[in-house]
Amino acid sequence: MLFGWLAHFVHRSSLKSDCSDLMFLDVLKQFFVMGDAEHESGSSENFRISTLRILLVACLLVVSSFTIHSLVRLDGSDDEFSLASLGLIYIALIAFLLFSSRRYHHFSAMALIGLLAITGISFITLSASPIGIEFGVITLYFVPLVVRLFYSFKASLLFSFANCLTFAVDMYINNGQVRAFVESDGVSMMYLQAMIFILLNFALPLAVSRVILTLQTTIFRLKELANSLNHHSDLYEEIFEHTGTPTLLCDKRGIVLKLNQKALDLFPGVLAASIEGTKINDWIASTSDSSNRFFWQKNVSECVLKANTKSFLEVHRSSLTTHGHYVLHLQDVTHLRALTEKLENTQQTNSRLAHFDSLTRLPNHQNFCNQVNHRIRNVSDYYTGAMFIIRISQFKLLNKQYGREQANRVILNFSRTLQARLSDKTISGRLRGVKFACFMPVGQTYLIQRNLRTLIKSVLPDQIRIGDDILNIDYQIGVSYYQNEGETSEELLERCEMALEYSTSAERIAFFDQQLEAKLIQEHKLGLALADAVKNKKIEMWLQPQVISSGEIRSFEALARWRLDDGSFISPIIFIKLAEELGLLPKLAENLLRQLISVLEAWHEESIKTPIAFNLAGQELMNDVFFALLMSLTSERPWLSDMLELEITETSPVMTHPLIHKRLRALSQYGFSIAIDDFGTGQASLGQLIDIPANILKIDRRFVSPLPDDRRHLDIVKSTIQLAKSLNMSVIAEGIETREQANLLMSLGCDTLQGYYFGKPSPISDWTKNNHEKAKQLRMVY
Ligand code: C2E
Ligand code: CA
Ligand code: CA
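Cut-offs used in this document
Residues numbered from 1 in each chain as written. Chains lettered and ligands numbered in written order. Predicted model: local features only at pLDDT ≥ 70, side-chain atom pairs only at ≥ 80, totals over all residues. Heavy atoms only, no water. 1 Å grid on protein atoms, 1.4 Å probe; cavity = no way out; pocket = protein on both sides within 12 Å on 5 of 7 lines; lining within 4 Å. Points joined across faces, edges and corners; volume = space filled by probe spheres on them. Helix = DSSP H or I, 4+ residues; strand = E, 2+ residues; numbered from the N terminus. Donors = N, O, S within 2.8 Å, 3.2 Å for Na, K, Ca; no water. Domains from an automatic or database assignment. Expected span 1.5 Å × (residues − 1). Buried < 20%, exposed > 50% of the residue type's maximum accessible area, 1.4 Å probe, protein only. Near = heavy atom within 4 Å. Polar contact = N/O pair within 3.5 Å; in protein donor to acceptor, adjacent residues only side chain to side chain. Areas by Shrake-Rupley, 256 points an atom, 1.4 Å probe, with all protein chains shown as cover. Nonpolar A, V, L, I, M, F, W, Y, C, P; charged D, E, K, R; others polar. Axes fitted to C-alpha atoms, helices over the stretch in contact; angles between N-to-C directions. Parallel < 35°, antiparallel > 145°, perpendicular 65-115°, else oblique. Left-handed = near helix turned anticlockwise from the far one by under 90°. Contact = heavy atoms within 4.5 Å.

An unreviewed UniProt entry lists the protein chain under the name Cyclic di-GMP phosphodiesterase Gmr, with Marinomonas gallaica given as the organism.

Printed below as a string of structure tokens:
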């Protein structure tokens, strides 16, 4: 039965544990609650169940063998039968207790103690044989020990003392009745009984108590220790979890032992368990030191996530523990790295902006100078170089005509062509505006200016394409030589600038020399004086008469005069050009125009209808403010357009600009007469002559002076007059100094004459004082 039940137990256990090859020994261990798991749990309950089962199994074995023995000897007597029956009842009872020993172990223990007590008492009181009595006594003697196994020491002591009665009864029975049973002397028997009594009732329970107490104290201490350990471990765990930084603990081979949540967050979609126990190198790689497997042992190393190469980490080795473990702090630097990259890019762009021209990518002024200085300083031998500045002429007009974007394209095309044509040894750069600088080493032959001129001309493109248009490009160039005399690039550039000022439309390439420098300084002073003269309206208008064939003054030409404090005059040819360069011309023209208008207003009131011609260099007309002023003055005085003639010089390159044409057409529609000055000397083509709504042609003094003797000039004058007539224009001849010239030109069909022969330019007041006496007098000249 026991084995059947054990087999059943084995079967259940094997099902439960799902382990079919469970060894018999393991079954026994499990049955007696002595398995490793129960052992490690250290629970006192397991200890009790285990003890209980050992005792119950022992009892069962004893009772079973006794019962089997009784059954074998069964001879039909009542005694034997009742013994066998009692044995079977006991087996059933003990088996039941064994069965309920796990779930109801308190009850089983109590029942076992009760059973022992009842058995003991029953044997003592009911048994007729001395062995039966002794069995009962010994059974009772065991009770304190068993009680101690399940209950307190006091409870066991209670039973020990109770057994004193058992001992007394035993002594009594032994002395009175069963002396015959023991052959030996009564005293020795008494000692044996006393020894058994003391041993089982006091010695063993005390010894077991002592062991249990020690075990309990140890368990208690161990528990306390475990609690404290758990507490500390919890604290450390908490600290580790909440360091605020992603933290990772690894051993010296780089195996991850533990990582906190923050560190785990750096590896999205990965479980802690899949990282713990693996190598750190499986997850991250060093960006700078890829060959070093132990990069994480460095104080700081930058790494990239292997699963996402766009994520960057900084690994800080924070400390090395006493166990040789490494605490690593991880920092997500993806954002920081992107920022740094952006910053570096910006710095690069800034540096490019600081050293290169953004449009052409050529070195800028400073960079060009640095490069040249570097070159000059690093050539030890005799070195000759030429520095030159190229300025694209009339670029402002190009800007206005085509717009900034197209004009920029011209600059870009120009710089590309230039770079392609220049030798590698040339340093080039872009200065401000449309000025380019080049520095090239030159050989002896190129020290001859003519040769250098040819060389420079050969690298400059004559034409540049903008969309479908092909533009003719003009340049001004200032050149300065470097001959190893310790000049710096800045000085050379300055000299080029000076030379540039002296390039003319006839000779575009100008070379620097010392006189030029002095001249420029003087010009600078003159510029300052001019600005002052314009501001203080010191420049005044003089009038020169223009006479018709009858001798009458048809009109006057207004000519600007600037008298210095010392009484000397500066030629308008000089100061008009200077004013143009300094941007003072529109203001000067405004002052001069206002002077004329005040005279014309007086004349208009007196009904004197003599027009005055006003010279325009071109820049005035391009100036919006001046043009608006002219228009508003005209709209306030409708008679003005009949009294004011406009002389434009065709030599001025501005005159080819479409805006000038547009404005001249507007002025012509307002009724202004427009005269083309210095005709034949400039660059106006016949086509442009038609475009400009001019109605007067002025033959320049250059053609008139050689008359009447020079045939060629005579032919030019003749054909000019014919041209004017064919275009329905009237003709004015300038610079008439002799009677012959006057007669000749008049005979050729010239309508109006002007020159010293008729009258030199004089201040306005000369012509207006004494009721215009001088003007009237002059009419008589011819
Ligand atoms: P222009 O318009 O050709 O002026 C005629 C120049 O010839 C004037 O010189 C005049 O004094 C000079 N002239 C006139 N008749 C004779 C003559 O018989 N013999 C000689 N030898 N010279 C004669 P000026 O006044 O020195 O002016 C020179 C140039 O300055 C002018 O040439 C004109 O282009 C410019 N200019 C003068 N005043 C103004 C002005 O108010 N505005 C502008 N934009 N330019 C002016
Ligand atoms: Ca003129
Ligand atoms: Ca002229």
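Below, the discussion takes up the layout of surface pockets. To find leftover empty space, one rolls a probe the size of a water molecule over the atoms. Reported here for the second largest pocket is a volume of approximately 1100 Å³. In this structure, the second largest pocket is lined by 30 residues; those nearest its centre are Phe66, Thr119, Phe123, Phe135 and Thr139. Elements supplying a minimum of two residues to the lining of the second largest pocket: helix H4 (44-72), helix H5 (78-99), helix H6 (105-126) and helix H7 (130-150).

What follows is about the coordination of the calcium ion (ligand 2). Octahedral metals with six donors have ideal donor angles of 90 or 180 degrees. Tetrahedral metals with four donors have an ideal donor angle of 109.5 degrees. Those protein atoms acting as donors to the calcium ion (ligand 2) are Glu557 (OE), Asn615 (OD1), Glu647 (OE) and Asp677 (OD), and they sit at 2.0 to 2.4 Å. Sequence positions of the residues that donate to the calcium ion (ligand 2) give the spacing E-x57-N-x31-E-x29-D. The distance between the calcium ion (ligand 2) and the calcium ion (ligand 3) is 4.4 Å, with Asp677 acting as a donor to both metals. Within this pair, whereas Asn615 is found in strand E17 (residues 612-616), its partner Asp677 is found in strand E19 (residues 673-679), the two being separated by 62 residues in sequence.

What follows is about the domain arrangement of the protein chain. Each domain of the protein chain was delimited in the assignment, giving domain 1 (24-212), domain 2 (247-341), domain 3 (356-512) and domain 4 (540-777). In this structure, domain 1 and domain 2 have C-alpha centres spaced 67 Å apart.

Turning next to helix H24 (residues 658-669). Note: α-helices contain 3.6 residues per turn, so residues at a spacing of three or four share the same orientation. Taking 1.5 Å as the rise per residue, H24 with 12 residues should run 16 Å; its terminal C-alpha atoms sit 17 Å apart, in good agreement. Where H24 is concerned, the buried positions are Leu659, Ile660, His661, Arg663, Leu664 and Leu667. Once H24 finishes, Gly671 follows within two positions and takes phi at roughly 105 degrees, a positive value.

Of all residues adjacent to ligand 1, which total 24 residues, the nearest are Gln544, Arg561, Asp677, Glu737 and Tyr756. One nitrogen or oxygen atom from the side chain of Asp678 is found 3.3 Å from an oxygen atom belonging to ligand 1. Between ligand 1 and Arg701 there is a distance of 3.0 Å, counted from a nitrogen atom to a side-chain nitrogen or oxygen. When isolated, ligand 1 has an accessible area of 790 Å², and the protein chains bury 88% of it. Residue assignment for the shell around ligand 1 shows that the elements contributing at least two residues are strand E14 (540-548), strand E15 (553-563), helix H19 (572-582), E17 and E19. Among the elements that line the shell around ligand 1, the one with the most residues is E15, at four residues. Of the residues in the shell around ligand 1, the class split is 12 nonpolar, four polar and eight charged.

It is the contact of H4 with H6, at a shortest axis distance of 10 Å, that shows an interaxial angle of 40 degrees. For the element pair H4 / H6, the angle class is oblique. Crossing angle aside, the handedness with which H4 passes H6 is left-handed. In this structure, H4 uses Glu45, Arg48, Ile49, Leu52, Leu55, Leu56 and Cys59 to contact H6, whose residues at the interface are His105, Ser108, Ala109 and Leu112. Classifying every residue of the contact of H4 with H6 gives seven nonpolar, two polar and two charged.

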